[in-house]
Amino acid sequence: MVSNSAKEVFIQGITRDGKTFRPSDWADRLCGVMSQFRPGGPQPGSHLTYSPWCVPTVINGVKCVVVNAHLRDAEPMAWDFAINFARDNDLQMAEACLLPDNP
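Quick notes on the rules
- Residues numbered from 1 in each chain as written.
- Predicted model: local features only at pLDDT ≥ 70, side-chain atom pairs only at ≥ 80, totals over all residues.
- Heavy atoms only, no water.
- Helix = DSSP H or I, 4+ residues; strand = E, 2+ residues; numbered from the N terminus.
- Buried < 20%, exposed > 50% of the residue type's maximum accessible area, 1.4 Å probe, protein only.

1. Some details on unusual backbone geometry
Here Arg-22 and Pro-23 are connected by a cis peptide whose omega angle stands at 10°. As for its placement among the helices and strands, Pro-23 is situated in the loop between β1 (8–15) and α1 (26–33). Here Asn-60, not a glycine, exhibits a phi torsion of approximately 55°, which is positive. Topologically, Asn-60 is positioned in the loop between β2 (54–59) and β3 (62–68). Phi is positive for Asp-90, close to 55°, though the residue is something other than glycine. Given the relative accessible area of 35%, Asp-90 is considered partly exposed.

Structure, rendered in structure tokens:
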């Protein structure tokens, strides 16, 4: 369950029983669908970049999607779509925040 106070949710490419989720490009596909949801709304060409509110990444060798709470505030149905994607596919989720790289 994701709390209402979560600032970021990490959807991990590992199912609850520890199997790697397939297809291997699932994170890119999910973020591609979510690309139109961004600050200021969709702009010409915005479908060519990921939304800052839904970003694919790799953490400790595991593909993940970081979903920011700003998405929940701006587009609740898009937030529900991403969270329900994880639930429907039995993916592990964690509430956390990304720390910036050291300069």
